[in-house]
Amino acid sequence: MKFTIDEIKIEHQKVKSGADFPNYIQQIKQLGVSHYTTLVADGNTKYFDIENNFAETGKKYDALEITENVNLENFKTRLKLHQQGGTDYLTFCKDCAENGVEGWKMDLNKMVCTYFDKKENDILEEKVPS
């Protein structure tokens, strides 16, 4: 595996809001990350290379309870606010939990982020600006 969690953390520290996300994606892609999955409950993220080897961050914050029912319209509103730089990462994760979003999968080759619920159903797919 080409990348380390420490290298990814260095890039992640540069992200102050969702507005910084596209640049972050480009940087970790250059490190050799092909895709990753983030779980909202504790922030653990698994980063994978093209051979499916992975490194993970572990718990990033105290556990959040994920709401059973998805409120997709409210989530889209909060997501847009985050993408425009209106919220920080932890606030965004809390917004996910409150709206029934269990986590997201990011495909750095297709530049697509897919949000999923507690039953692992895909609930929203977004193209990431590159």
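In the block above lies the structure referred to throughout.
Okay, so let's go over this structure. All values derive from a computational prediction rather than experimental measurement. (Residues numbered from 1 in each chain as written. Predicted model: local features only at pLDDT ≥ 70, side-chain atom pairs only at ≥ 80, totals over all residues. Heavy atoms only, no water.)

Details of the side chain of Thr 87
Considering the arrangement of structural elements, one finds Thr 87 in the loop between helix H3 (72-83) and helix H4 (89-98). Of the polar contacts made by the side chain of Thr 87, one reaches the side chain of His 82; its length is 2.7 Å. Aside from chain neighbours lying at most four places away, what touches Thr 87 is Lys 16, Ser 17, Gly 18, Arg 78, Leu 81, His 82, Phe 92 and Asp 95. (Helix = DSSP H or I, 4+ residues; strand = E, 2+ residues; numbered from the N terminus. Polar contact = N/O pair within 3.5 Å; in protein donor to acceptor, adjacent residues only side chain to side chain. Contact = heavy atoms within 4.5 Å.)

Here we look at H3
With twelve residues, H3 ought to run about 16 Å at 1.5 Å a step, and its terminal C-alpha atoms sit 16 Å apart, in line with that. Of the residues making up H3, those classed as buried are Phe 75, Leu 79 and His 82. Each buried residue of H3 sits inside an arc of 60 degrees when the element is viewed along its axis, so together they form one side. With respect to the buried face of H3, the exposed residues turned more than 90 degrees away are Glu 73, Thr 77 and Lys 80. If you follow the buried residues of H3, they end up packed against H4, strand S5 (112-116) and strand S6 (122-127). (Expected span 1.5 Å × (residues − 1). Buried < 20%, exposed > 50% of the residue type's maximum accessible area, 1.4 Å probe, protein only. Arc of directions from axis to C-beta.)

Side note on the sheet that holds strand S4 (residues 103-107)
Backbone hydrogen bonds hold the strands of a sheet together, and the pairing may be parallel or antiparallel. With respect to topology, six strands assemble into an open sheet ordered S3-S2-S1-S4-S5-S6, the strand pairing being antiparallel. Looking at strand neighbours, the two that pair on one side only are strand S3 (54-56) and S6, the edges of this open sheet. For this sheet, the mean angle separating the axes of adjacent strands, direction not counted, is 15 degrees. With respect to the sheet, H4 is in contact with strand S1 (35-39), S4 and S5, its orientation differing from that of S4 by roughly 115 degrees. (Pairing = 2+ DSSP bridges. Axes fitted to C-alpha atoms, helices over the stretch in contact; angles between N-to-C directions.)

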